[in-house]
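In case you want the letters, here they are:
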Amino acid sequence: MKLPHLPGRQEKPREKGLTMMMDKGLSLQQVQNLLETGGHLIDFAKLGFGTSVVSRNVREKVSLYRNAGIKVFLGGTLFEACLIRDSLKMYEHFIDDLQVDCVEISDGSMVMDHNEKCDFIRYFSKDRMVLSEVGAKEADVITDHHVWTHHMKAEIEAGSSLVIAEARESGNVGIYKNTGKADDELIHEILEVIPAEKLLWEAPLKSQQVWFIKLLGSHVNLGNIAPDDIIPLETLRLGLRGDTFFDVLPGEFEKFRLK
Amino acid sequence: MKLPHLPGRQEKPREKGLTMMMDKGLSLQQVQNLLETGGHLIDFAKLGFGTSVVSRNVREKVSLYRNAGIKVFLGGTLFEACLIRDSLKMYEHFIDDLQVDCVEISDGSMVMDHNEKCDFIRYFSKDRMVLSEVGAKEADVITDHHVWTHHMKAEIEAGSSLVIAEARESGNVGIYKNTGKADDELIHEILEVIPAEKLLWEAPLKSQQVWFIKLLGSHVNLGNIAPDDIIPLETLRLGLRGDTFFDVLPGEFEKFRLK
Amino acid sequence: MKLPHLPGRQEKPREKGLTMMMDKGLSLQQVQNLLETGGHLIDFAKLGFGTSVVSRNVREKVSLYRNAGIKVFLGGTLFEACLIRDSLKMYEHFIDDLQVDCVEISDGSMVMDHNEKCDFIRYFSKDRMVLSEVGAKEADVITDHHVWTHHMKAEIEAGSSLVIAEARESGNVGIYKNTGKADDELIHEILEVIPAEKLLWEAPLKSQQVWFIKLLGSHVNLGNIAPDDIIPLETLRLGLRGDTFFDVLPGEFEKFRLK
């Protein structure tokens, strides 16, 4: 159905309006189900935190995703768990063996010197696409907004293709307050300094997805989307759900908006 | 197992105790899984809001549902998205092509004259089963209880087979307060005017399902049930879960109730 | 990947670090998906409350679980629903027919004399493994901590292999306050009297799983785990998720902990 006044979405590989899905241990069959119904809507699949170490059939799963044009990376927490154990060689070996060619570099769970973090970004971005994450998993660790923007800039310069703004899977830290509400001021300061197409906002809750679509439009990059929310998110982007119904329509339709 | 003192449930096609499931983008395999385990418990499947436009293999999915004796309709928001874009012909074409023979007429996302809404109900009910929804997706849009009952009566007269009392997928508007608690007074006023068998209550949260079963018994019509809750809901209807354990039993068992 | 400083987990059949999964009506295909990816992580599957009466293909499902080395039992509420209806013979027949050789004896939904409960444990434990549950599904039914520990001791003496500390599927009664927070004092009193390896804590929410792992380590027995949380729970046990990242590491790593 080709309705008028729908935002035109790019086909994959997209440059904007990216959707990054959180996979916390899906089976091969579940991934096939997803791909069949909504694979065209997924740009990245993150095998969250250390789930890739604990699950079976991960190599086959990575291959399913890649064949569907979906980039795969392992949660940054696993990178940190290897780093703190002085086991980065093992980490590289592991991702090469899985044929994962995208790497998340984060410092959300441990203290890391930011220059050192940028060195890792430089190192891994030589042969792989790097996504780097800013914002700790603990509440209130980075409170100064200038630190956020300074770190993001430095990480992009070091070779990060996309900077992920942390929200955790539960969506109540980093760019969100502990109620799950977006930190309006912080987000606007980030947007003044970093180009929107270089940012990917973790937005696990529907209210957060709606908030970002209202602020930045259909083509905002969103991450940590649950598998069951891939198709509902696309209806939000297109204004085919009550929450964003009027946000994609021209002004002449305003008269129909519920007061 | 044929336990005594279990409410006798009608077989499909049922006239009471209807369950309407919310499908937000299930794959064919997921639908097959559901049908295999609990297909006998599902009367209606709603392809929520605009998900039918965004998903693949929808025609095949509709066919799976229909072959299992489940009526299918598309979320009312899609009807509204087509109406506001002056594209109702396209909508009719779309549902005919999908072989959907049930239509939801709603005005939850946009301003619509109620006479016009009833005209749509009249039009679509000539060749199809119509379900109409009362109650906006925004909080506090219809506050006057008389408007609810007046609209419901008019819509049934116009040809609506079932009137759906709105709760949204999140269950915190319409017949519920923004905490998710049922609006007791409103619901009782509706029940005084509209026959229970003409009403289908959206009740996405377990606490809401329990509330309605306690109020109206095992055979209440409930909607917006998540796929994973189809089987648990049936146990609530039958008193085979703690929450409604005593609600289906005769008075002689009251002495065993926990204080 | 064999990282250093990871807690060594026993293979199945395990004696500690048990995980009991809540199955509320999974299909055969869904169970196969789970087993393929994380079957090595599941010790018990509970077919929750009365779902086994309402679902189709339950016998086949039990067989899938058992072939994967997973013990199966039916929710205690079904035992109570049969008992109150004077239909225990039917219950025994039902579980024998399903080839379920594990039984949950509970009194969470109805008044039951505790000596009578222990008699049931004695009776069923002659030929089957018995798990007994302590703590009512209603808030505030058992408030006296001595009653909890006294009942647990008596049930183990009567033949219970594991005592389950009740939390309901929603995780806000029994050992939790109605906010979902663990009842610290109660739990410590239980641990003073009952050996940890005889206890299985219902912990449906991630925050509760984290709480118990921080208190009792990777090898705590946890139950009512949702199917989608089986793999994430294992990452919590192993410290491969932010929440327990430092809890499995030796003291020398403390300097990297975020303040």
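Just so it is clear, the structure is predicted and the values come from calculations on it, not from any experiment. (Residues numbered from 1 in each chain as written. Chains lettered and ligands numbered in written order. Predicted model: local features only at pLDDT ≥ 70, side-chain atom pairs only at ≥ 80, totals over all residues. Heavy atoms only, no water.)

Moving on, we come to the overall build of chain A. Counting its regular elements, chain A contains 10 helices and eight strands. In terms of overall dimensions, chain A is globule-like: its C-alpha atoms have a radius of gyration of 18 Å, near the 18 Å expected for 259 residues. Dimensions of chain A along its principal axes, counting C-alpha atoms only, are 60 × 45 × 30 Å. The buried share of chain A, taken over its 259 residues, is 59%. The contacts in chain A between residues at least 6 apart in sequence include a share of 73% that link residues at least 24 apart. Carbon and sulfur atoms make up 48% of the accessible area of chain A, which totals about 10100 Å². Separation between the mean location of the 31 positive side-chain charges and that of the 40 negative ones in chain A comes to 5 Å. (Helix = DSSP H or I, 4+ residues; strand = E, 2+ residues; numbered from the N terminus. Rg over C-alpha atoms; globule rule 2.2 N^0.38 Å. Buried < 20%, exposed > 50% of the residue type's maximum accessible area, 1.4 Å probe, protein only. Contact = heavy atoms within 4.5 Å. Areas by Shrake-Rupley, 256 points an atom, 1.4 Å probe, with all protein chains shown as cover. Lys, Arg positive; Asp, Glu negative; His and termini not counted. Charge placed at Lys NZ, Arg CZ, Asp CG, Glu CD.)

This brings us to the relation of the copies chain A and chain C. Between chain A and chain C, which share one sequence, the superposing operator has a rotation angle of 120° and an axial displacement of 0.0 Å; the RMSD is 0.0 Å. Taken together, the turn and the small shift mark the pair as related by a three-fold rotation axis. Comparing interface residues between copies, only 3% of those in chain A also sit at the interface in chain C, which points to a heterologous contact through distinct surfaces. (Least-squares fit on C-alpha atoms with pLDDT ≥ 70 in both.)

Right, let's talk about the confidence of the model for chain A for a bit. Of the residues in chain A, 98% reach a pLDDT of 70 or more, and the chain-wide mean stands at 94. Note on the complex model: pTM 0.96, ipTM 0.96. (pLDDT = per-residue confidence, 0-100.)

This paragraph deals with helix α5 (residues 88–98) of chain C. Residues and elements named next belong to chain C. Among all positions of α5, only Leu88, Tyr91, Glu92, Phe94, Ile95 and Leu98 are buried. Viewed end-on, α5 has its buried residues packed into an arc of 160°, placing them on one side of the element. Residues of α5 that are exposed and point more than 90 degrees away from the buried face comprise Lys89 and His93. On its buried face, α5 sits against α2 (51–54), α3 (58–67), β3 (71–74), α4 (76–84), β4 (102–105) and α6 (114–124). Gln99 sits one or two positions beyond α5 and adopts a positive phi of about 60°. (Arc of directions from axis to C-beta.)

Our focus in this paragraph is the state of the cysteines. Residues and elements named next belong to chain A. Evaluated as defined, the whole model comprises zero disulfides over all chains. Distance from the sulfur of Cys102, which forms no disulfide, to the nearest cysteine sulfur (Cys82) is 17 Å. Relative accessible area serves as the criterion here: at 2%, Cys102 is assigned to the buried category. (Disulfide = S-S within 2.5 Å.)

This next bit is on the interface of chain A and chain C. Often, the extent of an interface is quoted as the loss of accessible area on bringing the components together. Each partner contributes to the interface: chain A provides 36 residues, whereas chain C provides 34 residues. In total, chain A and chain C occlude about 3000 Å² of area from one another, counting both sides; carbon and sulfur atoms represent 66% of this. At the boundary of chain A and chain C, one finds zero salt bridges. Counting every contact that joins chain A to chain C gives 10 residue pairs in polar contact (both at pLDDT 80 or more). Counting residues per element, the ones that place at least two in the side of chain A that touches chain C are α1 (28–38), α2 (51–54), α4 (76–84) and α5 (88–98) of chain A. (Buried area = accessible area lost by both parts, 1.4 Å probe. Salt bridge = Lys/Arg side-chain N within 4 Å of Asp/Glu carboxyl O. Polar contact = N/O pair within 3.5 Å; in protein donor to acceptor, adjacent residues only side chain to side chain.)

Quick look at the interface of chain A and chain B now. Each side of the interface is counted separately: chain A has 34 residues, and chain B has 36 residues. Across the chain A/chain B interface, buried area totals approximately 3000 Å², and carbon plus sulfur atoms make up 66% of it. Its largest share of buried area at the contact with chain B, chain A owes to Met1(A), Phe245(A) and Leu258(A), together 25% of the area lost on that side. Connecting chain A to chain B are zero salt bridges.

Here we take up the sheet that holds strand β1 (residues 19–23) of chain C. All names here are of chain C. The strand order across the open sheet formed by eight strands is β3-β2-β1-β8-β7-β6-β5-β4, and the pairing between neighbours is parallel. Looking at which strands have only one partner, the edges of the open sheet turn out to be β3 and β4. Going across the sheet, the axis of each strand differs from the next one's by a mean of 25°, ignoring polarity. Here four bridges tie β1 to strand β2 (residues 44–47), and the two strands are oriented parallel to one another. In the strand pairing of β2, Met22 is matched with Lys46. Contacts from helix α9 (residues 206–216) reach β7 (199–202) and β8 (222–225) within the one sheet, and its direction differs from that of β8 by about 170°. (Pairing = 2+ DSSP bridges. Axes fitted to C-alpha atoms, helices over the stretch in contact; angles between N-to-C directions.)

Once turned by 120° and shifted 0.0 Å along the axis, chain A lies on chain B with an RMSD of 0.0 Å. In this assembly, only 3% of the residues forming the interface of chain A have copies in chain B that are likewise at the interface, indicating a heterologous arrangement.

On to unusual backbone geometry, then. The omega torsion of the bond from Lys12(A) to Pro13(A) falls at -10°, within 30 degrees of zero and hence cis. With respect to the helices and strands, Pro13(A) occurs in the segment before β1 (19–23). Not every positive phi belongs to a glycine, and Asp86(A) is a case in point at roughly 60°. Although it is not a glycine, Asn224(B) sits at a positive phi angle of roughly 55°.

With that settled, consider the packing of helix α4 (residues 76–84) of chain B against helix α5 (residues 88–98) of chain B. Residues and elements named next belong to chain B. Following both chains from N to C, one finds α4 and α5 inclined at 145°, their axes separated by 7 Å at the closest point. Between α4, through Leu78, Phe79, Cys82 and Leu83, and α5, the contact on the second element is made entirely by Leu88, Tyr91 and Phe94. Looking at side-chain class alone, the contact of α4 with α5 contains seven nonpolar, no polar and no charged residues. (Nonpolar A, V, L, I, M, F, W, Y, C, P; charged D, E, K, R; others polar.)

We now examine the sheet that holds strand β6 (residues 162–165) of chain B. Residues and elements named next belong to chain B. Here eight strands make up an open sheet; going across it, the order is β3-β2-β1-β8-β7-β6-β5-β4 and the pairing parallel. At either margin of the open sheet sits one strand with a lone partner, and together these are β3 (71–74) and β4 (102–105). Within the sheet, the average angular offset between the axes of one strand and its neighbour, ignoring direction, is 25°. In this sheet, β3 lies alongside strand β2 (residues 44–47) in parallel orientation, the contact comprising four bridges. Looking at β3, one finds that Lys46 is bridged to Phe73. Where helix α6 (residues 114–125) meets the sheet, its contacts fall on β4 and β5 (129–134), and the angle it forms with β5 comes to roughly 160°.

For the rest of this paragraph, the subject is the pattern of salt bridges. All names here are of chain B. Taken as a whole, this structure holds 51 salt bridges over all chains when the rule is applied. A salt bridge links Arg128 to Glu92; the shortest N-O distance between them is 3.5 Å. Residue Arg128 is located in the loop between α6 and β5, and its partner Glu92 is located in helix α5; the two are separated by 36 residues in the primary sequence. By relative accessible area, which is 12% here, Glu92 ends up buried.

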